[in-house]
Amino acid sequence: MKKLFITGTDTDSGKTLVSSLILKALNRERLLTIGFKPIGSGGQPNPDAEQLRQLSTIAVPAQAANPFCFTPAIAPHIAAAQAGVKIEPAALTTHLRQLSLHKPDLVLTEGAGGWLLPINDDEYLSDWVVSETMDVILVVGMKLGCLNHALLTAKAIAADGGRLIGWVANQCTQQPMDYLHDNLSYLKAHMPAPCLAYVPYHSDTQQAEFTEDERRALLTAIDCNPAVAE
Ligand SMILES: Nc1ncnc2c1ncn2[C@@H]1O[C@H](COP(=O)(O)OP(=O)(O)OP(=O)(O)O)[C@@H](O)[C@H]1O
Ligand SMILES: C[C@H](N)[C@H](N)CCCCCC(=O)O
Ligand SMILES: [Mg+2]
């Protein structure tokens with residue numbers, strides 16, 4: 001079972017949208033997929049988890065797809081403390097193992113916020129991701145400030161011992177950022193992993209899909225040979 005983790009340069013950078021595009025691309029290869037949002041804040045049920053559940057080929061209950069679910073749209077460790085819950089890495093692993101019993105080819109785990117998300121007073125989600133040896137894809141929300149956010153995140157992933165296999169540029173604002181092309185070129189030259197896709201702004205995100213080349217780049221990055229999967 002492959003374990004893919006989707007992180008972002010920030011909250012609202014486009015992790016759920018890009019996760020959805022990845023699931024759509026993998027589903028076309030008839031791979032068995034489960035979308036997992038272990039920790040979510042901002043709604044019950046969590047809207048991200050529900051979106052990923054709809055695009056997963058294996059159906060799992062809402063609670064299994066999003067075991068730590070908090071209503072207020074605040075940092076999850078604060079919401080957890082308010083609810084009298086402590087989020088611990090061992091529990092995250094238990095929930096992931098439960099999903100593995102469905103025998104998926106791939107579990108796509110969406111983070112919350114960015115790479116260094118506190119899960120309690122002492123621990124970060126990123127440490128659990130590294131301990132689970134997940135492949136990481138970084139979603140870069142293309143807006144002013146993203147160069148620093150993308151480069152810092154890539155540095156942190158490497159320093160933590162994580163495996164960044166690629167990044168996706170996501171035009172997360174309706175008005176494209178100024179000098180988009182120059183910013184993209186800079187990141188392509190300086191990020192330590194390949195750019196797998198550029199996602200333009202979509203007025204209807206449900207219609208969004210990767211191009212054929214992007215789908216192939218993704219399958220190569222996660223080491224899924226289409227010929228074998230078909
Ligand atoms: N390329 C895009 N085109 C149109 N809308 C977008 C695009 N990227 C992001 N959005 C919109 O911006 C909002 C934030 O995107 P998204 O929910 O994917 O971010 P996120 O990183 O998953 O946030 P969170 O940290 O809450 O999980 C959503 O309403 C989404 O539809
Ligand atoms: C509510 C929001 N959309 C996300 N679900 C949670 C973002 C947490 C960010 C924590 C932080 O880094 O400050
Ligand atoms: Mg999301």
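An unreviewed UniProt entry lists the protein chain under the name ATP-dependent dethiobiotin synthetase BioD, from Aliidiomarina soli. Within the UniProt record for the protein chain, the comment given under Catalytic activity (unreviewed entry) is "(7R,8S)-7,8-diammoniononanoate + CO2 + ATP = (4R,5S)-dethiobiotin + ADP + phosphate + 3 H(+)". Taken from UniProt, the Function (unreviewed entry) comment for the protein chain reads in full: "Catalyzes a mechanistically unusual reaction, the ATP-dependent insertion of CO2 between the N7 and N8 nitrogen atoms of 7,8-diaminopelargonic acid (DAPA, also called 7,8-diammoniononanoate) to form a ureido ring."

1. What to know about the site of ligand 2
Taken together, the residues surrounding ligand 2 are Thr-11, Ser-41, Ala-73, Pro-76, Gly-113 and Leu-117. At 3.5 Å from a nitrogen atom of ligand 2 is found a side-chain nitrogen or oxygen belonging to Thr-11. Between ligand 2 and the protein, one listed contact pairs a nitrogen atom with a backbone N or O atom of Ser-41 at 3.2 Å. For ligand 2, the accessible surface in isolation is 390 Å², of which the surrounding protein chains cover 62%. Among the residues making up the shell around ligand 2, the classes are represented as three nonpolar, three polar and no charged.

2. Things to note about the nonpolar core
Of all hydrophobic cores here, the largest spans 41 residues; its most connected members are Leu-125 and Met-142. Sorting elements by how many residues they give to this core places helix H7 (residues 146–159) first, with four residues. Beyond its immediate chain neighbours, meaning those up to four positions away, Met-142 contacts Ala-169, Asn-170, Gln-171, Cys-172, Thr-173, Met-177, Leu-180, Asn-183, Leu-184 and Leu-187. Counting residues in hydrophobic clusters, the runner-up holds 27 residues, among them Leu-31, Ala-197, Val-199 and Phe-210.

3. Regarding the sheet that holds strand S2 (residues 33–36)
Pairing is parallel across the open sheet formed by six strands, whose spatial order is S2-S5-S1-S6-S7-S8. The sheet is open, and its two borders are formed by S2 and strand S8 (195–199), each paired with just one other strand. Across the sheet, the axes of successive neighbouring strands diverge by a mean angle of 20°, strand direction being ignored. Bridge count between strand S7 (residues 163–170) and S8: four bridges; the pairing is parallel. Residue pairing for S8: Trp-167 is matched across the bridge by Cys-195.

What counts and what doesn't
Residues numbered from 1 in each chain as written. Chains lettered and ligands numbered in written order. Predicted model: local features only at pLDDT ≥ 70, side-chain atom pairs only at ≥ 80, totals over all residues. Heavy atoms only, no water. UniProt positions renumbered as here; feature names shortened; annotations may be inferred. Near = heavy atom within 4 Å. Polar contact = N/O pair within 3.5 Å; in protein donor to acceptor, adjacent residues only side chain to side chain. Areas by Shrake-Rupley, 256 points an atom, 1.4 Å probe, with all protein chains shown as cover. Nonpolar A, V, L, I, M, F, W, Y, C, P; charged D, E, K, R; others polar. Core = buried A, V, L, I, M, F, W, Y, C linked by side-chain atoms within 4.5 Å. Buried < 20%, exposed > 50% of the residue type's maximum accessible area, 1.4 Å probe, protein only. Helix = DSSP H or I, 4+ residues; strand = E, 2+ residues; numbered from the N terminus. Contact = heavy atoms within 4.5 Å. Pairing = 2+ DSSP bridges. Axes fitted to C-alpha atoms, helices over the stretch in contact; angles between N-to-C directions.

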